[in-house]
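This is what each chain is made of:
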Amino acid sequence: MKRRDYDAVIVGGGHNGLVNAAYLARAGLDVLVLERRPVLGGAAVTEEVYPGFQYCVCSYVVSLLRPEIIQDLELARHGLEILPLESTFTPLPNGDYLVRWADHDQTRRELYRHSPRDAEAYDEFGKLMLQLAMAVKPILGMAPPDPGSMRPGNLAKMARLGRHFRDLGSEKLAALVKLMTMSSADYLDEWFETEGLKATMAASGIIGTFLGPRSPGTAYVLLHHYMGEIDGAFRAWGFARGGTGAVSEAIASAARSLGAEIRTEASVERILNEGGRAVGVALESGEEIRARLVVSGLDPKRTFLGLLEPDELPSEFVDSIRHFRIRGSSGKVNLALAELPDFTALPGVGPHLRGAMSISPSVEYLERAYDDAKYGEFSRRPYMDIILPSMIDPSMAPPGKHVMSIFVQYAPYALNGGWDDERREAFGDTVIDTLCQYAPNVRDAIIHRQVVTPADMEETFGLTEGNIFHGELSLHQLFFLRPAPAWANYRTPLANLYQCGSGTHPGGGVCGAPGRLAAQQILKEHRP
Amino acid sequence: MSKRYDAVLVGAGHNGLVCAAYLARTGLSVLVVERREVVGGAAATEELFPGFRFDSCAHRLGHLDPRVVSDLGLGGHGLKVRRPDLAVLAALPGGDHLAIWRDPQKTAEEIRRHSPDDAARWSRFGAAMAPAVRFRGHVAVATPPELPPAASRDLLAFMELGLRLRRTGRREMTEIMRVLPMSADELLDEWFESEPLQGLLAALGVSGLFLGPRAAGTAYLLLGGLSPDAEVLRPTELVTGGMGRFTEALAGAALANGARIRTGVEIERIRTAEGRVTGVVLSNGEEIDAARVVSNADPKRTFLGLVDPTELDPDFVRKVKNIRTRGAFAKVHLALAELPRFDGATGRPELLEGLIRICPSLDYLEHAYDDAKYGGVSRSPYLEAVIPSLTDPTLAPPGQHAMSVYVQYAPYELKEGSWDADRREALGDRVVGTLSEYAPGLDGAILDRHVSTPADLEDVYGLTGGCASHGEMALDQLFFMRPVPECAQYRTPIRDLYLCGAGTHPGGGVSGTAGYNAAREVLRAGKRAK
């Protein structure tokens, strides 16, 4: 039987790969997606790890899924339903707590309880952040220009960018520069005095980075919390009914309905290169699949150092990819619970259990957690971002029972002595011990526990060094430098090879933007 | 009736003197008012014990602006700059050391003992960083354009910078943009594996900063310590006779150009009327009329201490308050009966003629910062010592030596208590203890000891928060953000009030560039007014 050639073969069925496939298929390209695992979604999966309990194994919230993607791909029709995560609850060491609710007035009253000054500042802060979010939105939505290129199209893009910044005016521009370069701790210090508030907000600046809240460059991630608001559809943080895997399934379903073909358990071993041109892929099984173009949703290290030989790429480019920082810093603990956690600070079942629960009592707590990791240990008292998916979507667990998703930072990939079963369990114990300081009943309520270390993330999901963002979101790895200078426009030194993963602009999170922007770039060059 | 000056300078720090000399040179009548009895501010040499003279605050030059030296004829006023063959001696635990010589070949041989790979990369590192170092140097001497460019002049300045960046070459340009916001840790990790070399270089990236070597932006500071040519590391520049000789030469040049300098009297207030400067009021009640005032005091002292608050917009005041001036260093001066016996350098005094640095690894530095960020003094601080008496016998009695030690991190704000006599002595003990690990027997050679805590540095030199650079040299406080966007062109919201200190671009370090740039802007505005 003669095997047909595809227009595009996409390596990796993570959410960005699927988004990319769907857009390419929608434009009429003949597309094949190849996924190594039996399930689709990459790090955005829901799996029944323990009978009856659905775990969001890795990614657990839909932070910034672009509304245009939901619309373009009609994801609602394909079963996507996003439920809001309405609150952030922070138990405090003094027995008190702090909650930020979806309801603005309620949050204001709560903040007022801690500090009238902060309650006032919170509104002002929100207004400024919203303005700044609007200022960066067009940047997140564009393929980065190459400041080194003198091509007219590129120069025009640079000029547009320059005008955009100029039109912001001096106040907003200065605020943006500060946000891009400051540490979240310093930035928030300019606004607030309540420790728990500063820490919980600062925590969002360190997620996925190997930096502490006092590290410059962590402030700008604060913006992401306000991006959802300008999109209007839902607040920044949402949970997909059925877990994060449901997002991937909806995108996959959309892609299929647009004509894309998807194969699981098809592990790509290398990219076929003929005379400096990608012409397809070879699978581990030995099968070769030919295509006019290849798109990789894998992280840059796996793509360029794993699927190609160094001599197939310019040495300078290979150096850049080798230098690309991708240190994993987080782990995940998923629990099947016989009962709900009972927080000492706010006992009983309440609406706070339907939102995020944040173990971030103070900036110093977070910074100390980082100190441990800096020197190669997991945090003795880690930062944790917890949700109870079964509170939002009861179908995630058997009736009366619950699943808990705990994002844990810091857990360095390069642990002193390396990760093994013993260290994994020790890490899990640390997480439970920490949690039980705030909700002591959890220990006895645990029916099953899954601990995912950065080493596990690498092994299972193919995330190099267990980095959930395919590369740290540090200043020198953003925009036109992501993942390498001159190659931020989703193209690669190999003709007809493209990249569409989180290692490209605008980076990680279940947002789908890299997949979509890559598709736009590809379609500019390869109209069917 | 007292005389009306064309310009009154607040403070006779080195930038104030540079600015005064340039203004006087164009024929303006200039008065410099200095609170202390000596000129020089934080660049002074003082006799702390009979017979021993020390560089009391800054002990080395930081890319002294060559235009200043030649324009003002500082050589003629007694300035002698010494660039020792050995730039830095890093003392290492266990008696070893790592010496960085001006000669890159010699340095490479030295590095080879620690890592042959690093030795091979040494010159390549210098060459790879040179375009960024040159660009950084160019940026330093320019007045930051307004952001966003309001006038065509600013737009041109921006385009000029962009063009200059572009002309470095396509690859060089992106590399500059990539490296500038990096951390010292990230940059050094790409190049070197030897811990002593990483530590020695990382120290450049955090000098004076309340941040560790893993903080974004420390690569930018590190580049400031590199040379744009083959030497890789910028030569260590020491002033023969002590830093005071430099500021005395500047004062000499200012006086020769007709400026007047008054010491021992403080400016209490900058007098304003209807949003513009009219003069200054001294602490003795004396009022002096002035067409303009240029402040060498740091921005916080200037705006929060010397100016009528009702003249300033509350938003502007908030921004000034938000300038981070977290002091991170202390100074310890030791009068020594003999030369310290650094392991591996005994009997080789030529190894001690440059900087002696104790910062054996990047993690050492990071640990030192860890202590400070929670409000404590580093248990094992990063130290940089000089022994100027080694080459200038006038600084100490015969056979004896004066050693000054820069200590980081000593936070201005302590978690517990405040800087008092006990804590000052504890700091001194800790520094001597750390030094003794590398120079055994040092303790026994100490005749006298003088410790300046960050609080002392604030009191004596008027450095808010004990911050030598008048505002941390962090990414968000550089260039057109320095000290706040409204003042990045050395002008201020108050008409005829200018800034010329380290709080303005390009920041800290004894270079004189801020004073030079400020003088240029004052004169440019003067021309426009005519």
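Here the structure is a predicted model, which is why all the values come from computation and not from measurement.

Q: Explain the pattern of salt bridges to me, please; I cannot follow it from the model alone.
A: A side chain with one charge may pair with a side chain of the opposite charge, provided their charged atoms come close. Applying the stated criterion to the full structure yields 77 salt bridges over all chains. For the salt bridge of Asp186(A) with Arg324(B), the shortest nitrogen-to-oxygen distance reads 3.4 Å. Taken together, the positions of Asp186(A) in helix H7 (residues 184-189) and Arg324(B) in the loop between helix H12 (314-321) and strand E14 (329-336) put the pair across two chains. Classification of Asp186(A) by relative accessible area gives buried; the value is 10%. Put simply, Glu350(B) and Arg348(B) hold a salt bridge, and the shortest N to O gap is 3.5 Å. Looking at Glu350(B), the relative accessible area reads 36%, which means it is partly exposed.

Q: Quick question: what am I supposed to make of the interface of chain A and chain B here?
A: Note on interface size: it is often stated as the accessible area lost on association of the parts. Contact with chain A, which involves 38 residues of that partner, is made by 39 residues of chain B. A combined buried area of about 3500 Å² lies between chain A and chain B, and 56% of that area is made up of carbon and sulfur atoms. Viewed at the interface, chain B and chain A are joined by twelve salt bridges. The residue Lys374(A) makes a salt bridge to Glu366(B) at a minimum N-O spacing of 2.6 Å. Taken together, the elements giving at least two residues each to the side of chain A that touches chain B come down to helix H6 (170-181), helix H12 (315-323) and helix H13 (363-374) of chain A. With seven residues, H6(A) is the single largest residue contributor to the side of chain A that touches chain B. Split by residue class, the side of chain A that touches chain B holds 15 nonpolar, eight polar and 15 charged.

Q: Could you clarify how one ought to interpret the nonpolar core in this entry?
A: Across soluble globular proteins, nonpolar side chains show a tendency to be buried alongside one another. Among the nonpolar cores identified, the biggest contains 229 residues, and Tyr187(A), Ile406(A), Leu201(B), Phe342(B) and Leu435(B) are the most heavily contacted of them. Considering each element in turn, this core owes the most residues, eleven residues, to helix H4 (residues 116-140) of chain A. Beyond its immediate sequence surroundings of up to four residues, Ile406(A) is in contact with Gly331(A), Lys332(A), Val333(A), Asn334(A), Leu335(A), Met384(A), Asp385(A), Ile386(A), Val431(A) and Leu435(A).

Q: I keep staring at the pairing of strand E11 (residues 278-283) of chain A and nothing clicks. Help me out?
A: Residue and element names in this part refer to chain A. Counting buried residues along E11, six of its six residues qualify, which places the element largely inside the surrounding structure. Note that strand E10 (residues 268-273) and E11 share five bridges and pair antiparallel. Residue pairing for E11: Arg270 is matched across the bridge by Ala282. If you look at the hairpin formed by E10 and E11, you'll find four residues sitting between the two strands, and Gly275 has a positive phi there, around 60 degrees. In the sheet, E11 pairs with strand E12 (residues 288-296) via three bridges, with the strands oriented antiparallel. Pairing of Gly280 across the sheet is with Arg290, part of E12. Two successive antiparallel strands, E11 and E12, enclose a turn made up of four residues, where Gly286 displays a positive phi of approximately 100 degrees.

Procedures and definitions
Every chain begins its residue count from 1, and numbering advances along the sequence as written. Chains and ligands are labelled sequentially in the order written, the chains with letters from A and the ligands with numbers from 1. This being a predicted model, a pLDDT of at least 70 is required before a residue's local features are given, and a value of 80 or more before pairs of side-chain atoms are given or counted; all residues contribute to the totals for chains, interfaces and linings. Side-chain measures here rest on the full set of heavy atoms in the structure, leaving out hydrogens and waters. Basic side-chain nitrogens of Lys or Arg form a salt bridge, by our definition, when they fall within 4 Å of a carboxyl oxygen of Asp or Glu. Numbering of helices and strands runs from the N terminus, with a helix taken as a DSSP run of H or I at least four residues long and a strand as a DSSP run of E at least two residues long. Think of it in three bands: residues with accessible area under 20% of the maximum for their type are buried, residues over 50% are exposed, and the middle band is partly exposed, with areas taken using a 1.4 Å probe on protein chains only. Contacts between residues were defined by any pair of non-hydrogen atoms, one from each residue, lying within 4.5 Å. When two parts are put together, the accessible area they lose, computed with a 1.4 Å probe and summed over both, is reported as buried area. Lys, Arg, Asp and Glu make up the charged group, whereas Ala, Val, Leu, Ile, Met, Phe, Trp, Tyr, Cys and Pro make up the nonpolar group; the residues left over, Gly among them, are polar. Nonpolar cores were defined as sets of buried Ala, Val, Leu, Ile, Met, Phe, Trp, Tyr and Cys residues, with membership established by side-chain atoms within 4.5 Å. Think of it this way: DSSP has to see at least two bridges between two strands before they count as a pair.

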